[in-house]
Amino acid sequence: MVDADQTFVIVGGGLAGAKAAETLRAEGFTGRVILICDERDHPYERPPLSKGYLLGKEERDSVFVHEPAWYAANDIELHLGQTVDAIDRTAKTVRFGEDGTVVRYDKLLLATGAEPRRLDIPGTDLAGVHHLRRLAHAERLKHVLTNLGRDNGHLVIAGAGWIGLEVAAAARSYGAEVTVVEHGPTPLHGALGPELGGLFAELHREHGVRFHFGRRLTEIVGQDGMVLAARTDDGEEHPAHDVLAAIGAAPRTALAEAAGLEIADRAQGGASWSTSGCAPPTPTSTRPATRPPSTTPSSIRTCGWSTGPTR
Ligand SMILES: Cc1cc2nc3c(=O)[nH]c(=O)nc-3n(C[C@H](O)[C@H](O)[C@H](O)COP(=O)(O)OP(=O)(O)OC[C@H]3O[C@@H](n4cnc5c(N)ncnc54)[C@H](O)[C@@H]3O)c2cc1C
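Residues numbered from 1 in each chain as written. Predicted model: local features only at pLDDT ≥ 70, side-chain atom pairs only at ≥ 80, totals over all residues.

**Quick notes on the overall build of the protein**
Argument step 1. Helix and strand content of the protein: six helices and 17 strands.
Argument step 2. When each of the 311 residues of the protein is scored for burial, the buried share is 40%.
Argument step 3. In the protein, once contacts between residues fewer than 6 apart in sequence are set aside, the share between residues at least 24 apart is 65%. (Helix = DSSP H or I, 4+ residues; strand = E, 2+ residues; numbered from the N terminus. Buried ≥ 20, exposed ≤ 12 C-beta atoms within 10 Å, placed from the backbone. Contact = placed C-beta atoms within 7 Å.)

**With respect to the nonpolar core**
Argument step 1. Within the largest apolar cluster, 47 residues are counted, with the highest numbers of intra-cluster contacts made by Ile157, Val167, Ala171 and Val243.
Argument step 2. Counting residues per element, the ones that place at least two in this core are α3 (135–151), β10 (154–158), α4 (162–174), β11 (177–182), α5 (189–206), β13 (217–223), β14 (226–232) and β16 (242–245).
Argument step 3. Take this core: its biggest share by element is nine residues, from α4.
Argument step 4. When residues of this core are assigned to domains, at least three fall in each of domain 1 (3–112) and domain 2 (117–249).
Argument step 5. Setting aside its immediate chain neighbours within four residues, valine 167 contacts Ser50, Leu54, Leu132, Ile157, Leu244 and Ala246. (Core = buried A, V, L, I, M, F, W, Y, C linked by C-beta atoms within 7 Å. Domains from an automatic or database assignment.)

**Some words on the packing of α3 against α4**
Argument step 1. One way to put it is that α3 packs onto α4 with a least axis distance of 8 Å and a crossing angle of 45°. In terms of orientation, α3 lies oblique with respect to α4. α4 is crossed by α3, and the crossing has right-handed handedness. Contacts between α3 and α4 involve Leu145, Thr146, Leu148 and Gly149 from the first element and Ala170, Ala171 and Tyr174 from the second. (Axes fitted to C-alpha atoms, helices over the stretch in contact; angles between N-to-C directions. Parallel < 35°, antiparallel > 145°, perpendicular 65-115°, else oblique. Left-handed = near helix turned anticlockwise from the far one by under 90°.)

**Quick look at the sheet that holds strand β5 (residues 93–96)**
Argument step 1. On the basis of which strands lie adjacent, the open sheet formed by three strands has the order β4-β5-β6 and antiparallel pairing. Single-partner strands in this sheet number two, and they are β4 (84–88) and β6 (101–104). Going from strand to strand, the sheet's axes swing by 20° on average, the running direction of each strand aside.
Argument step 2. Pairing of β5 with β6, which is carried by four bridges, proceeds in the antiparallel orientation. For threonine 93, the partnering residue across the bridge sits in β6 and is arginine 104. (Pairing = 2+ DSSP bridges.)

**Regarding the pairing of strand β12 (residues 209–213)**
Argument step 1. Looking at chain direction, β11 and β12 are connected through five bridges and run parallel. Bridging across to β12, valine 180 finds its partner in phenylalanine 211.
Argument step 2. As a crossover connection, the stretch from β11 through α5 into β12 is right-handed. (Right-handed = clockwise from strand over helix to strand, strands pointing away.)

**Details of α5**
Argument step 1. Taking 1.5 Å of rise per residue, the 18 residues of α5 would be expected to cover 26 Å, yet its terminal C-alpha atoms sit only 19 Å apart, more than 12% below that figure.
Argument step 2. Of all the bends in α5, the greatest measures close to 85° and is centred on glutamate 195.
Argument step 3. If you check which residues of α5 are buried, you get His189, Ala191, Gly197, Phe200, Ala201 and His204.
Argument step 4. Looking at the buried residues of α5, the elements they touch are α4 and β12. (Expected span 1.5 Å × (residues − 1). Bend = angle between axes of the 7 residues up to and from the residue.)

Next comes the structure, spelled out in structure tokens:
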């Protein structure tokens, strides 16, 4: 069978999915390329969501991997806002969208990425509790930080990983009061160890961030649907108008698992880590693809206080 008769389906329109489509065309694949993503936005890069875009230094348009016109120009069939909910490996089909469209593939790439871990404590359904994974989350958070800065409001961040620290830096630049609650003894403890982590803590303290190390959030206290405070396991209540859960991300493996694919976990040599570096890796966490952890010097991030390149 020649390329032109083949169909390559990509599930997931993050950086991996978009770059896979680009590479197929760049390397001369002439068949159908179908990219399906449950997000409504064209594929974009997430790093600016906690950095330049959140800080208001980068325009929304700058985050996209390709201009919208690129997909049609390269004959990539893009299905946005559509979830793939089943793979039939015998029939070689995927099913997606509300109408259950079925498409046949010759090759299938699962690039389903990760989703933020959720706090499992009372109060997480309050309006002022946020996550940061998607462009829409960043848009909302930017608005929240602007208001907190204007009103001298308080943001409590659960998790002193990369995303928690980057948002802490952004929030301070807007003028918000910031408390970071972290169960480890220093920020980024698992990724960088105590000495470098301590330096990060000092840097952030110099910019007015308060830390509460060795503690976990136990409750987000609210009234009439609004956040009032965040309580930690030492019984302390921290004033809060908004709370960001930045406790890491978990790989989205449900689709692969349902299709009977074997998912390697860390113990079996699979590379599993929090994509945001925030949470300590759990022995049972899994990840469908491998990538080196982002702690090499070329990829160390600066968490917002501009001292060098961020990626
Ligand atoms: C705020 C933030 C800042 C970051 N900063 C950095 C940084 O500075 N440096 C760095 O190295 N990394 C950073 N990362 C991590 C980096 O963004 C991720 O490693 C990267 O997003 C992984 O890309 P991906 O394409 O594999 O997955 P994702 O970006 O997660 O994309 C997967 C896509 O697939 C979609 N999808 C999942 N399941 C389905 C389904 N069944 N049907 C249809 N669509 C589906 C998802 O909605 C998503 O759009 C950051 C992450 C965040 C959230």
